[in-house]
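# Summary of structural features
The primary structure of each chain is shown beneath.
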Amino acid sequence: MYLNCHSTFSLRYGTLSEEELLALAEHYDLDCIALTDINNTSAGLNFVRKAKEKNIKPVLGIDFRNGIEQCYVTLAKNNEGYLELNNFLAQHLHKKIDFPEIAPAFENAFTIYAFERALELDKTHFTENEFIGIGIHDLNKLRFSQYSTYHDKLVLLLPVSFNSKKDFNAHRLLRAIDLNCLLSKLPKEEQALPDEIMFAPKKIENLFKDYPQIVSNSQEVLKSCNLNFKFAKERQNQNLKTVFGSEQNDYNKLLALCKKGLKERYEEITTEITDRLEKELKLIKKKDFVSFFLINWKIIEYARSKDYFYVGRGSGANSIVAYLLRITDVDPIELDLYFERFMNEYRSSPPDFDIDFSTWDREDVTAYIFEEFGKNNQVALLGSYVTFKHSGAVRELGKVFGLPKTEIDKLSSGKFKASELDTISQLILKYAAYFHKKPNYLSIHAGGILISDKPIHYFSATHLPPKNFPTVQFDMHVAEDVGLCKFDILGQRGLGKIKDAVSIIKQNQPEAQLLDIRNPKPFFKDPNINAMIARAECIGCFYVESPAMRMLLKKLAVNDYQTLVAASSIIRPGVAKSGMMREYILRHRNPERRKEAHPVLWKIMPDTYGIMVYQEDVIKVAHHYAKLTLDEADVLRRGMSGKFRSREEFQYVKDKFRSNCIANGEPEDVVDEIWRQIESFAGYAFAKGHSASYAVESYQSLYLKCYFPLEYMVATLNNGGGFYKAEFYIHEAKMHGASIEAPCINKSEIQTSIYGNTIYLGLQHLEGLEKKTMLGIINNRVHSKYTSYDDFIQRVPISLEQQEILIRIGALRSLGKDKHSLLWEAHYKENTIPENESQQSFFKISLQNFTLPTFKTSKVEDAFDHMELLGFSLFNPFFLMKKSLADYLLAKELKLYIDQNVKVAGYLVTFKNTKTAKGLRMIFGTFLDLDGAWIDTVLFPEVANKYPIYARGLYHIEAKVTSEFDFITLEVSKIERLPYLADPRFATSVSGGNKPALKTGS
């Protein structure tokens, strides 16, 4: 009966979720309805899944529109028809072209032209699959039209887009948001009619009592539509089934690759290794994932052929097959990794690998996947939905209602008294809450790629976002439900740093003996690297450089790979929140304390002292302690990671966990405590294999930092840094003996470069310097360096403002003139060269020579220019401090003053506002001392409220020195920002012949 229903995925039009549509159908005892979203198929598969749960027959179609104008409504007769419709929609979305007035002749889909539309087209011939849609408002006209005799071609066309007055108002607001217009200016033709709601079948039959055949025709159309998708436990593997022509060929290839990998990866092939391999291969074949491994292998082989660095991580690192195929570099035998976390007999969710590449390499790898596997339209990026968030919805609605920006800002921030709000503001907040979490527009999953055995349009239409790769219109949960495993191809700066560091080392130290980065095992045993980790000297290194991680490394005294693996997971908020991070440290340092562990937990997790650290620990505890099946345990683990938390199955398993434990005689308080620890993992725990993958990359970066610190810091700067700002990687390079030079027109590239121990900052670090200026400097320097100021301005097209930036930072210092002389010269020549003379003329411009007085530039002045143009000074930051430095202790001296009050001077590196268990604000601050060493501080709530840290700069700190597990922290009692020396550039008098008013020139 209802052939044209819209969900919220009729974006900025529909107001009902697919669940709400089905609830309405259920309310009216409808046994079948059709979902036909506008130019969108996002809700299709989930609609089918949910409809079957309610014993309602689902029909899928598409409402094709050019803008708001409806062309035709289509319904898929079967899966082939859905494929046809998705092909047609995708073709037009990709090319961004309008739909034709007349639909193509679909073989397996029905096309319905609205009554008025058919009249406009003067359409008199209708194929077997074409119909005329009659709405309530068309009945009177139908009696007197040519279509009154087309009895077999008339069907109901009763759009459903909302269900109440509030829904209709929301629809109008969505339309105004979409058109970026005031609600009062929203054209009538851009909105639906208020009666696009679902009526009781009896009412429809009564309204159409003179045309009963219209109702029966509609019912026949719906009966003719039969889609078949299988979900959850019934689903089939929909990924590409074979890579080498047949399933047997694929399996033979996998076996051959594993045999080859055994010789390459292991010096001694033990029975433990071969037994593990045999077990994995048996399950991989049984679960039909042979091609899944081979596809990942092919992706990795391509990356290796291009010399791309990558990291295979996630629970896939628990697999020895993945290790042998070099998809991961984590040895699961060495770490006793739990393969069942990745794949097991009972696990209902499909496995996946997360493979990281540097950003640029990732784009090429993605293009390769589309070229290699997408010849028959079988590859697409995975979609995602950007939903309305409260603040964003308030802003959109504020514009729609015409509020001034100041009022919108106030409403968005939440800093208002509800009692003082006017009617409009109250309406905005009301509808912002209504829109919260409803889809706003389509986006792209962070890295998911689907490689389907069938054409991808069998499941969904695709659109073409700016990345220019076809993207399905549903998300990862829908993909997984229907049997499509995603291949995660992700971008990561850390790998860019490693790749670039290797290249820079080969260029700067061509004689250096550089170990193979891809073979990390020698790094695990390197005493110099492990000693560096134990000292937490890891600035710039992947995942181990943050203040929290440095603290943990020191407290655990990490000096080996396995402990770093644990640390990589312990640092996650789930373990910390449960209070078990501290307990782990205590048990790690004191073996006697390990005896306090619960006997069952100790037995199943001896490597972590009976403490849940990894995701698979949840499975182990649920299975061995609570006696849940492995299938149930995996539901619990997935629920704890934030997936499917709302599903009834999760609640069932949660209840069964507790009841099983109590039935087994476990004390309720112990059960509740263990459940509390499990629950704290929500969304935060790592799989052990994932932590191990992170630790591998950490060691790769630590090796480079340990033996090639200057080149590694340059690579870090050129890849956008890491946890800290660029200034502190420059500082780290200085601490390792680098000489840091400001950008130079004759030495610097766009990125930072190194010559021996001298690092020249890249032109890109200069605030306000345009890309075209950088390119002009580099491109015009190819054949010879710049020899004079006149030579420079005649070869490089550059404005006076851009010259000033370069001169003030000292980029022209190689030309033999001080920056004040150059500024005078630049302004003089700017004012004397005729406007019609081109700086790029074929003949040199003759300019008058003149004599200038001798200028002096102070280091203080240079420091302030650095701060303005680079964002930081290249001198020691304490150079600008007014106050005497004599009274302050250094970081290296603090261990002599444990539990004593001290004074230190600190240059702020970073700070973090956080909250105590009671919700009170506290602050963790990291500083550099006078020698450039790192100092860690904590401001408890009373001090944090009295002395908030809010800006970069120099600080006077009074604090008590505390030490826990050999990690020193200052508990701050007083902290205040220290003033800088006066900026001489803005002095009011001339001293020593130096006129500092640098920004003027005449």
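Residues numbered from 1 in each chain as written. Predicted model: local features only at pLDDT ≥ 70, side-chain atom pairs only at ≥ 80, totals over all residues. Heavy atoms only, no water.

### Focus: the overall build of the chain
Looking only at helices and strands, one finds 40 helices and 22 strands in the chain. Rg of the C-alpha trace for the chain: 34 Å, near the compact-globule value of 30 Å for 1002 residues, within the 12% margin. Principal axes of the C-alpha set define a box for the chain whose edges measure 105 × 85 × 65 Å. Looking at the chain as a whole, 56% of its 1002 residues qualify as buried. (Helix = DSSP H or I, 4+ residues; strand = E, 2+ residues; numbered from the N terminus. Rg over C-alpha atoms; globule rule 2.2 N^0.38 Å. Buried < 20%, exposed > 50% of the residue type's maximum accessible area, 1.4 Å probe, protein only.)

### Digging into the packing of helix α6 (residues 165-179) against helix α16 (residues 390-400)
Their axes nearest at 9 Å, the elements α6 and α16 cross at an angle of 85 degrees. By the angle between their directions, the pair α6 and α16 is classed as roughly perpendicular. Facing L173, A176 and I177 of α6, the residues of α16 in contact are E396, L397 and V400. Looking at the contact of α6 with α16 residue by residue, the class counts come to 5 nonpolar, no polar and 1 charged. (Axes fitted to C-alpha atoms, helices over the stretch in contact; angles between N-to-C directions. Parallel < 35°, antiparallel > 145°, perpendicular 65-115°, else oblique. Contact = heavy atoms within 4.5 Å. Nonpolar A, V, L, I, M, F, W, Y, C, P; charged D, E, K, R; others polar.)

### Comments concerning the pairing of strand β5 (residues 109-114)
Counting buried positions over the 6 residues of β5 gives 6, a clear majority of the element. On β5, burial covers both faces: A109, T111 and Y113 on one face and F110, I112 and A114 on the other are all buried. In this structure, strand β4 (residues 69-76) lies alongside β5, joined through 4 bridges in antiparallel fashion. Bridge assignment links L75 to a residue of β5, and that residue is F110. Pairing of β5 with strand β6 (residues 130-134), which is carried by 4 bridges, proceeds in the parallel orientation. (Pairing = 2+ DSSP bridges.)

### Brief notes about α16
Along α16, the positions that sit buried rather than exposed are A393, V394, L397, G398 and V400. Considered in projection along α16, the buried side chains sweep an arc of 155 degrees and stay on one side of the axis. Here the buried face of α16 lies against α6, α17 (405-413) and α18 (423-435). Within two residues after α16, G402 carries a phi angle of roughly 80 degrees, on the positive side. (Arc of directions from axis to C-beta.)

### A look at unusual backbone geometry
Of note, Y609 is a non-glycine position whose phi angle comes to about 60 degrees, a positive value. Overall, Y609 belongs to the buried group, its relative accessible area being 11%.

### Some points on the pattern of salt bridges
Overall, the coordinates contain 59 salt bridges when judged by the stated rule. With a shortest N-O distance of 2.9 Å, R265 and D329 are connected by a salt bridge. Here R265 is found in helix α9 (residues 247-265), whereas its partner D329 is found in the loop between α12 (320-324) and α13 (332-335), with 64 residues between them in sequence. Exposure class is identical for R265 and D329. Each is buried. Its salt-bridge partner being R587, residue E583 comes within 2.8 Å of it at the nearest N-O pair. Here E583 pairs with R587, and both are found in helix α26 (residues 580-589), just 4 residues apart, close to one helical turn. When its relative accessible area of 7% is taken as the criterion, R587 is described as buried. Members of the salt-bridge network, linked through shared partners, are R808, K819, D862, D865, E868, D983 and R985. (Salt bridge = Lys/Arg side-chain N within 4 Å of Asp/Glu carboxyl O.)

### Looking at the sheet that holds strand β15 (residues 739-741)
Taking strand neighbours across the sheet as the criterion, the 3 strands line up as β15-β17-β16 in an open arrangement whose pairing is mixed. With one partner strand each, in any of the chains shown, β15 and β16 (753-755) form the two edges of the open sheet. Strand-to-strand twist in this sheet, taken as the mean axis angle between neighbours without regard to direction, amounts to 25 degrees. Where β16 meets strand β17 (residues 758-760), 3 bridges bridge the pair, whose relative direction is antiparallel.

### Looking at the packing of α9 against helix α11 (residues 290-305)
Viewed as axis vectors pointing N to C, α9 and α11 meet at an angle of 55 degrees, and their least axial separation amounts to 10 Å. Here α9 lies oblique to α11, going by the angle between them. Crossing of α9 over α11 shows left-handed handedness. Only V290, S291, F293, L294 and W297 of α11 make contact with α9, whose side of the interface consists of D250, Y251, K253, L254 and L257. Broken down by class, the residue content of the contact of α9 with α11 amounts to 7 nonpolar, 1 polar and 2 charged. (Left-handed = near helix turned anticlockwise from the far one by under 90°.)

### Some words on helix α1 (residues 18-27)
Of the positions making up α1, those classed as buried are E18, L21, L22, L24 and A25. Buried residues along α1 cover an arc of 155 degrees about the axis, so they all sit on one side. In this structure, the buried side of α1 is in contact with β1 (2-5), β2 (32-38) and α2 (44-53). Count one or two residues on from α1 and you reach D29, which has phi positive near 55 degrees.

### Some points on the nonpolar core
General note: in soluble globular proteins, nonpolar side chains tend to be found buried as a group. Within the largest apolar cluster, 111 residues are counted, with the highest numbers of intra-cluster contacts made by Y561, F792, L806 and L812. The dominant element in this core, judged by the number of residues it contributes, is helix α32 (residues 688-707), at 7 residues. Setting aside anything within four residues of it in sequence, one finds Y561 in contact with V330, E334, L335, F524, A692, A695, V696 and Y699. L16, F64, F126 and L139 belong to the second largest nonpolar core, which has 69 residues in total. (Core = buried A, V, L, I, M, F, W, Y, C linked by side-chain atoms within 4.5 Å.)

### Let's talk about the confidence of the model for the chain
In low-pLDDT segments, the atomic positions of the prediction should not be examined closely. Mean pLDDT over the chain works out to 91, with 94% of the residues at or above the 70 mark. Below pLDDT 50 for its whole length, residues 835-844 participates in 12 contacts with residues either more than four positions away or in separate chains. Note on residues 988-1002: pLDDT is under 50 here. Beyond four places in sequence and across chains, it has 31 contacts. (pLDDT = per-residue confidence, 0-100.)

### Let's talk about a negative patch on the surface
A cluster of acidic residues, E272, D275, E278 and D336, forms a negative patch at the surface. Checked against the element boundaries, D275 lands in helix α10 (residues 271-286). The exposure class of D275 is partly exposed, given its relative accessible area of 45%. (Patch = residues over 30% accessible without salt bridge, like charges linked within 9 Å, V, L, I, M, F, W, Y side chains within 5 Å. Areas by Shrake-Rupley, 256 points an atom, 1.4 Å probe, with all protein chains shown as cover. Lys, Arg positive; Asp, Glu negative; His and termini not counted. Charge placed at Lys NZ, Arg CZ, Asp CG, Glu CD.)

### Focus on the environment of A380
Tracing the sequence through the fold places A380 in strand β10 (residues 379-387). We classify A380 as buried; its relative accessible area is 0%. Each C-alpha atom, one on A380 and one on L324, is 28 Å from the other, the two residues being 56 residues apart in sequence. When residues no more than four places from it in sequence are discounted, the contact partners of A380 are F370, G448, I449, L450, I456, T462, P470, T471 and V472.

### As for the pairing of strand β20 (residues 934-939)
Among the 6 residues of β20, 6 are classified as buried, and the element is accordingly described as predominantly covered. The two faces of β20 match: W934, D936 and V938 on one face and I935, T937 and L939 on the other face are all buried. Sheet analysis places strand β19 (residues 921-928) next to β20, joined by 6 bridges and oriented antiparallel. If you follow F927 over to β20, its bridge partner there is I935. What sits between the antiparallel neighbours β19 and β20 is a turn of 5 residues, in which G932 has the positive phi angle 90 degrees. Sheet topology note: the β20/strand β22 (residues 967-977) ladder contains 2 bridges and is parallel.

### Description of the state of the cysteines
All told, the structure shown has 0 disulfides when counted by the stated rule. Between C258, a cysteine without a disulfide, and C485, which holds the nearest cysteine sulfur, the sulfur-to-sulfur distance is 18 Å. With relative accessibility at 1%, the residue C258 sits in the buried group. (Disulfide = S-S within 2.5 Å.)

### A word on the packing of aromatic side chains
This structure, assessed with the given rule, holds 56 aromatic pairs. Ring centres of Y72 and Y113 lie 5.6 Å apart, and the angle between their planes is 75 degrees; on these two criteria the pair is classed as edge-to-face. Of this pair, Y72 sits in strand β4 while Y113 sits in strand β5, and the two are 41 residues apart along the sequence. Judged by relative accessible area, which is 0%, Y72 ranks as buried. Ring pairing ties together the aromatic residues F289, F292, F293, F339, F342, F353 and F487, which thus form one cluster. Its end group placed over the ring of Y458, K454 keeps NZ or CZ at 4.9 Å from the ring centre. When the ring centre of F309 is taken as origin, the NZ or CZ atom of R518, which lies over that ring, is 4.6 Å away. (Phe/Tyr/Trp six-rings, centres within 6.5 Å; stacked < 30°, edge-to-face > 60°. Lys NZ or Arg CZ within 6 Å of the ring centre and 35° of its normal.)

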